[in-house]
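The chain contents come next:
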Amino acid sequence: MASELTIRKPDDWHVHFRDGAVMRAVLSGTTEHFARALVMPNLVPPVVTMNDAVAYRERIVASLPDGSDFTPMMTLYLTEATDADDVERAYKSGAITAVKLYPAGATTNSDSGVTDVARVAPVLERMAEIGLPLCVHGEVTDPSIDIFDREAIFIETVLDPMRQRTPGLRVIMEHVTTEDGVRYVQSHSENLAATITTHHLMINRNHLFQGGIRPHFFCLPIAKREHHRLALRAAAVSGDGRFFLGTDSAPHVDGAKESACGCAGVYNSPNTMSCLAQVFEEEGALDKLEAFASLNGAAYYGVAPSDETITLKRQDDSVSYQAKVKTEDGDITVFDPPCDLHWSVV
Ligand code: NCD
Ligand code: ZN
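How each quantity is defined
- Residues numbered from 1 in each chain as written.
- Chains lettered and ligands numbered in written order.
- Predicted model: local features only at pLDDT ≥ 70, side-chain atom pairs only at ≥ 80, totals over all residues.
- Heavy atoms only, no water.
- Donors = N, O, S within 2.8 Å, 3.2 Å for Na, K, Ca; no water.
- Tetrahedral: all angles 85-135°; square planar, octahedral: opposite > 155°, others 65-115°.
- Helix = DSSP H or I, 4+ residues; strand = E, 2+ residues; numbered from the N terminus.
- Near = heavy atom within 4 Å.
- Polar contact = N/O pair within 3.5 Å; in protein donor to acceptor, adjacent residues only side chain to side chain.
- Nonpolar A, V, L, I, M, F, W, Y, C, P; charged D, E, K, R; others polar.
- Disulfide = S-S within 2.5 Å.
- Phe/Tyr/Trp six-rings, centres within 6.5 Å; stacked < 30°, edge-to-face > 60°.
- Buried < 20%, exposed > 50% of the residue type's maximum accessible area, 1.4 Å probe, protein only.
- Salt bridge = Lys/Arg side-chain N within 4 Å of Asp/Glu carboxyl O.
- Pairing = 2+ DSSP bridges.
- Axes fitted to C-alpha atoms, helices over the stretch in contact; angles between N-to-C directions.
- Contact = heavy atoms within 4.5 Å.
- Parallel < 35°, antiparallel > 145°, perpendicular 65-115°, else oblique.
- Left-handed = near helix turned anticlockwise from the far one by under 90°.

Engineer: Could you clarify how one ought to interpret the coordination of the zinc ion (ligand 2) in this entry?
Structural biologist: Expected angles at a metal are 109.5 degrees for tetrahedral coordination by four donors and either 90 or 180 degrees for octahedral coordination by six donors. Those protein atoms acting as donors to the zinc ion (ligand 2) are H14 (NE2), H16 (NE2) and D248 (OD), and they sit at 2.0 Å. Considering all four donor atoms around the zinc ion (ligand 2), angles at the metal cover 95 to 135° and the coordination shape is tetrahedral. All donors of the zinc ion (ligand 2) belong to a single chain; written as a sequence motif, their spacing is H-x1-H-x231-D. Separated by 234 residues along the polypeptide, H14 in strand β2 (residues 11–15) and D248 in the loop between β9 (243–245) and α8 (254–257) bring together distant segments of the chain.

This is the structure we're talking about:
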C-alpha cells in the first residue's frame, strides 16, 4: 500500500471564511493546504456588488498568515436587485470568479437570495454571454417539501428549466448531496459541474442521530441516505472532470451550533486533506485524489493547476488533529469524521 502521496496543491472551490475574528482564526486552516479557494459571499450583509467583493478580498488578504502564498477568488451574492453591468465589470476586471445563487431562505444567511429565478434572468443571460460561472445552492425552500427531497426537486423544477432557458450558462451545482444530483451532472456534457464536500463523502443521515443529536454534522444540504453517499464517493473517485472539491467548510462558533436551534455548517478545512486521502484509499483510488482536489476544478474554472505540491503521508496509527479552533468569538469544532484517519499532510 502506498505510504506517501505527492499531488499538486489543492484548491477549495467552495469555502466560507466569514469576517472579523472568525475569519482571522480560520484562514490558516485553508492556506496551509490549499493554493486557492472560491470564497462564498453570504456575509451579513452579503457581498453583493463589485465594490463589496473588492473590499472583502482586501480584508482577507490583510489577514492572511505571514508568508502564505494563497489566492482568494471571490464570488458575488446574487439578489433580485443585482445589476448586470456591475457583475460584468466585476468579472472583466478580475474582481470575481463566479456568482452564487442562494434560493431565499435555503441556508445560513440566505435571506437576501432569490425568490424566483425568473427575476434574475437578465443577469443570468449576461453571465452566459460573458462566460461567468453561476454557483448554485440547489435546494427548494418550500417548507412543505421534505428536507431530504429538496435537492432532487430543485433539479427538476428550478435548475433544469433555468439551464434550458439560459443556453450557454456555466453552472456548478454546489455541494451536491444526492444520487439524483450526480446523475444529472453525468447526463449533461456541457456547462455543468458539481462540487462535493468532504463531509458528504463520510457521513450519511444516520450519523446525525448516532446515540443522540449531533449538531456538528448538521449542514445544508443535509446529509442523505447511504446510497446517496455512495454515489457521491463513486463520482469523486471516478476522475470525471465534472466533479471536484468544494469543502463547504462553514465555521460557526460552538454556541451557535450546540443550541436549541443550531446553525447549519460543518467546519472541515484543517483536516479535509486527511479525510479525503482516507476516503480515496478506502475506494482504492488514491491515484484519483489529485484530479478531484487539484485538477478538475481548475480546469472547469479555466485556470492552470497550482505549480506547488503537497505531500501526504500514511501511518498505521490513527492521526490526531486539532479538535477545536479558538477565536475571540468562541471555539469552533473541527469536523470529526466517524472513522479513524491515517493520512496527514507533511
Ligand atoms: C453554509 C454556511 O454556514 O454559510 N452552511 C451550510 O450548512 N453549508 C451555507 C451553505 O453553504 O449552505
Ligand atoms: Zn457553503
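Engineer: It is not clear to me how the site of ligand 1 should be interpreted in this structure. Could you clarify?
Structural biologist: Taken together, the neighbourhood of ligand 1 is formed by 15 residues, with R18, N42, T107, L220 and D248 sitting nearest. One nitrogen or oxygen atom from the side chain of N42 is found 2.7 Å from an oxygen atom belonging to ligand 1. For ligand 1, an oxygen atom lies 2.7 Å from a polar atom in the side chain of T107. Across the shell around ligand 1, the residue classes tally to four nonpolar, nine polar and two charged.

Engineer: Would you mind showing me how to read the state of the cysteines here?
Structural biologist: By definition, a disulfide links the sulfur atoms of two cysteine residues through a covalent bond. As enumerated under the stated definition, the model contains zero disulfides in all. Not engaged in a disulfide, the cysteine C263 finds its nearest cysteine sulfur in C261; these two sulfurs lie 7.6 Å apart. Here C275 stays unpaired: no disulfide links it, and the sulfur of C339, its closest cysteine neighbor, is 6.9 Å away.

Engineer: Looking at this structure, how should I read the packing of aromatic side chains?
Structural biologist: Two aromatic rings, taken as a pair, are described by how far apart their centres are and by the angle between their planes. Taken as a whole and assessed by the stated rule, the structure comprises eight aromatic pairs. Look at W13 and Y301: their rings are 4.4 Å apart centre to centre, the planes differ by 15°, and that puts the pair in the stacked class. With a gap of 288 residues between them, W13 in strand β2 and Y301 in helix α10 (residues 289–301) connect regions that are remote in the sequence. By relative accessible area, which is 2% here, W13 ends up buried.

Engineer: Before we go on, may I ask you to explain the pattern of salt bridges in this structure?
Structural biologist: When the charged atoms of two side chains with opposite charge come close together, those side chains can pair. On inspection of all chains with the given rule, the structure shows 20 salt bridges. Close ionic contact of D85 with R126 constitutes a salt bridge, the shortest N to O distance being 2.9 Å. Of this pair, D85 sits in helix α3 (residues 84–92) while R126 sits in helix α4 (residues 121–130), and the two are 41 residues apart along the sequence. By relative accessible area, which is 39% here, D85 ends up partly exposed. The network of salt bridges with shared partners includes D85, E88, K92 and R126.

Engineer: Would you mind going over the sheet that holds strand β6 (residues 134–136) with me for this structure?
Structural biologist: Strands belonging to one sheet form pairs held by backbone hydrogen bonds; the direction of such a pair is parallel or antiparallel. As summarised here, the arrangement of the eight strands in space is β2-β3-β4-β5-β6-β7-β8-β9, forming an open sheet in which the pairing is parallel. Of all strands in the sheet, those with a lone pairing partner are β2 and β9, marking the two edges. When the angles between neighbouring strand axes are averaged without regard to direction, this sheet yields 30°. Here three bridges tie strand β8 (residues 192–196) to β9, and the two strands are oriented parallel to one another. Counterpart to I196 in the pairing with β9 is L245. Packed on one face of the sheet, α10 meets β2, β3 (36–39), β5 (98–101), β6, β7 (171–173), β8 and β9 and runs near 115° to β9.

Engineer: Even after reading the chapter, I still don't get the packing of helix α5 (residues 150–165) against helix α6 (residues 179–186), so can you show me in this structure?
Structural biologist: One can describe the packing of α5 onto α6 by two numbers: an axis separation of 9 Å at closest approach and a directional angle of 25°. The orientation of α5 relative to α6 falls into the category roughly parallel. The interaxial crossing formed by α5 with α6 has right-handed handedness. Between α5, through E151, A152, I155, L159, D160 and R163, and α6, the contact on the second element is made entirely by D180, G181 and Y184.

Engineer: How should I be thinking about the sheet that holds strand β10 (residues 309–314) in this particular structure?
Structural biologist: As summarised here, the arrangement of the three strands in space is β1-β10-β13, forming an open sheet in which the pairing is antiparallel. Only two strands of the sheet have a single neighbouring strand rather than two, namely β1 (4–8) and β13 (343–345). Mean inter-strand twist for the sheet, computed between neighbouring axes without regard to direction, equals 25°. Bridge count between β10 and β13: three bridges; the pairing is antiparallel. Looking at β13, one finds that L312 is bridged to V345. Packed onto the sheet, helix α9 (residues 272–282) meets β1, β10 and β13 and runs at close to 140° relative to β13.

Engineer: What exactly am I supposed to notice about unusual backbone geometry here?
Structural biologist: Generally, phi is negative for residues other than glycine and the peptide bonds are trans, each holding for most cases. Look at the link from V44 to P45: it is a cis peptide, with omega at -5°. With respect to the element layout, P45 can be found in the loop between β3 and α2 (50–63). Cis peptide bonds are those with omega within 30 degrees of zero, and the linkage from L220 to P221 qualifies with -5°. When you line up the elements, P221 lands in the loop between β8 and α7 (226–237). For H175, which is not glycine, the phi dihedral falls at a positive 35°. Mapped onto the elements of the fold, H175 is located in the loop between β7 and α6. The backbone of D248 shows a phi angle near 55°, a positive value even though the residue is not glycine. A residue is classified by how much of its surface remains accessible, and D248, at 6% relative accessible area, is buried.

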